[in-house]
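Each chain is listed here by its residues.
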Amino acid sequence: MNRIPLLLCCFLSATSLLQSQQNRYPWLEVSPKTMVSTRVGDIPVVDFSGLQPLLEQDGPGIHVINFWATWCAPCIKELPHFESLREDFADRGVKVTLVSLDMPAFWEKRLPAFIEKRGIESPVVVLDDPRQNDWIPRVSPQWSGAIPATLIYDHERREFYEQSFDGPQLEAVINSFLND
């Protein structure tokens, strides 16, 4: 008899977690390889096939996908601009997702601490796929593999940037999408 409330509690907890992931990662069609726990929520770890739906979403909105890592100084410098973009343009359909390319040794301690310390609220996903030579050109044939790198697209246009952004540059690109 005591098992029923426990099972119900576990079921409701799992259902709540699944719903939270679907809200934060609606493009995620497969189960992640694993999850990295942070105070702000769990971060899915996926291979490229798990990430690919994010790069090909249909429908309204502008999708901003930034590839970065905690060990990349130019990436760290530009992250606040992506956070500002998420805050300032969300009501205009701009969706920011940060794709961490951190190594597995960084997932459990360094990545969660980094996200929490900097107050990152954009959805973060870890790409764990050692076949870089296969997936890099599928993100963009222009990409050498260097980071930071950013893919911005909507239903009519797709642009790839292998560069760092400052705030005004990033806003100018987004405004060009909004004004098309």
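Just so it is clear, the structure is predicted and the values come from calculations on it, not from any experiment.

(A) Looking closely at the side chain of serine 122. Among the secondary structure elements, serine 122 is positioned in the loop between helix H5 (110-118) and strand E5 (124-127). A polar side-chain atom of serine 122 sits 2.4 Å from a polar atom in the side chain of glutamate 83. If we ignore the near neighbours within four places in the chain, the residues touching serine 122 are Arg24, Phe82, Glu83, Arg86, Val96 and Leu98.

(B) Region of interest: helix H3 (residues 73-89). Between its terminal C-alpha atoms H3 stretches 25 Å, which fits the 24 Å expected from 17 residues at 1.5 Å a residue. Residues Cys75, Glu78, Leu79, Phe82, Glu83, Leu85, Arg86 and Phe89 constitute the buried set of H3. In this fold, the buried residues of H3 make contact with strand E3 (62-68), strand E4 (94-100), H5, strand E6 (149-153) and helix H7 (167-178).

(C) Layout of the state of the cysteines. This structure, assessed with the given rule, holds one disulfide. The disulfide partner of cysteine 72 is cysteine 75, and the S-S distance across this bridge is 2.3 Å. Its torsion about the S-S bond being 75°, the disulfide of cysteine 72 and cysteine 75 is classed as right-handed.

(D) Geometry of the sheet that holds strand E7 (residues 158-161). The seven strands lie next to each other as E1-E2-E5-E4-E3-E6-E7, forming an open sheet whose pairing is mixed. A strand with exactly one partner marks an edge of an open sheet, and here the two such strands are strand E1 (34-36) and E7. Direction aside, the axes of adjacent strands within the sheet are offset by 25° on average. Sheet topology places E3 next to E6; five bridges connect them, and they run antiparallel. Note that in E6 the partner of histidine 63 across the bridge is tyrosine 153. The strands touched by H7 within the sheet are E3, E4, E6 and E7, with E6 carrying the most contacts at an inclination of about 20°.

(E) Highlighting the packing of H3 against H7. Axis separation between H3 and H7 bottoms out at 10 Å; the angle between their running directions is 40°. Between H3 and H7, the interaxial angle falls into the category oblique. Crossing angle aside, the handedness with which H3 passes H7 is right-handed. Contacts between H3 and H7 pair His81, Phe82, Leu85, Asp88 and Phe89 from the former with Gly167, Leu170, Glu171, Ile174, Asn175 and Leu178 from the latter. Split into classes, the residues belonging to the contact of H3 with H7 amount to six nonpolar, three polar and two charged.

(F) Quick look at H5. Taken residue by residue, H5 has Leu111, Pro112, Phe114 and Ile115 as its buried positions. Down the axis of H5, the smallest arc covering the buried residues is 160°, so these residues share one side. Glycine 119 lies just past H5 and shows a positive phi near 65°.

(G) Examining the packing of aromatic side chains more closely. The full count for this structure, using the stated rule, is seven aromatic pairs. For the pair phenylalanine 67 and tryptophan 143, a centre-to-centre distance of 4.9 Å together with 50° between the ring planes defines the contact as tilted. Placement of the pair is phenylalanine 67 in strand E3 and tryptophan 143 in the loop between helix H6 (132-139) and E6, with a sequence separation of 76 residues. Note on phenylalanine 67: relative accessible area 0%, which makes it buried. On the basis of relative accessible area, tryptophan 143 is assigned to the buried category, the value being 5%. Ring pairs connect the aromatic residues Phe48, Phe67, Trp135, Trp143 and Phe160, which therefore count as one cluster. Positioned above the aromatic ring of phenylalanine 106 is the side chain of arginine 110, whose terminal nitrogen or guanidinium carbon lies 4.5 Å from the ring centre. When the ring centre of tyrosine 153 is taken as reference, the NZ or CZ atom of arginine 158 above it lies at 4.9 Å.

Cut-offs and rules
Residues numbered from 1 in each chain as written. Predicted model: local features only at pLDDT ≥ 70, side-chain atom pairs only at ≥ 80, totals over all residues. Heavy atoms only, no water. Helix = DSSP H or I, 4+ residues; strand = E, 2+ residues; numbered from the N terminus. Polar contact = N/O pair within 3.5 Å; in protein donor to acceptor, adjacent residues only side chain to side chain. Contact = heavy atoms within 4.5 Å. Expected span 1.5 Å × (residues − 1). Buried < 20%, exposed > 50% of the residue type's maximum accessible area, 1.4 Å probe, protein only. Disulfide = S-S within 2.5 Å. Pairing = 2+ DSSP bridges. Axes fitted to C-alpha atoms, helices over the stretch in contact; angles between N-to-C directions. Parallel < 35°, antiparallel > 145°, perpendicular 65-115°, else oblique. Left-handed = near helix turned anticlockwise from the far one by under 90°. Nonpolar A, V, L, I, M, F, W, Y, C, P; charged D, E, K, R; others polar. Arc of directions from axis to C-beta. Phe/Tyr/Trp six-rings, centres within 6.5 Å; stacked < 30°, edge-to-face > 60°. Lys NZ or Arg CZ within 6 Å of the ring centre and 35° of its normal.

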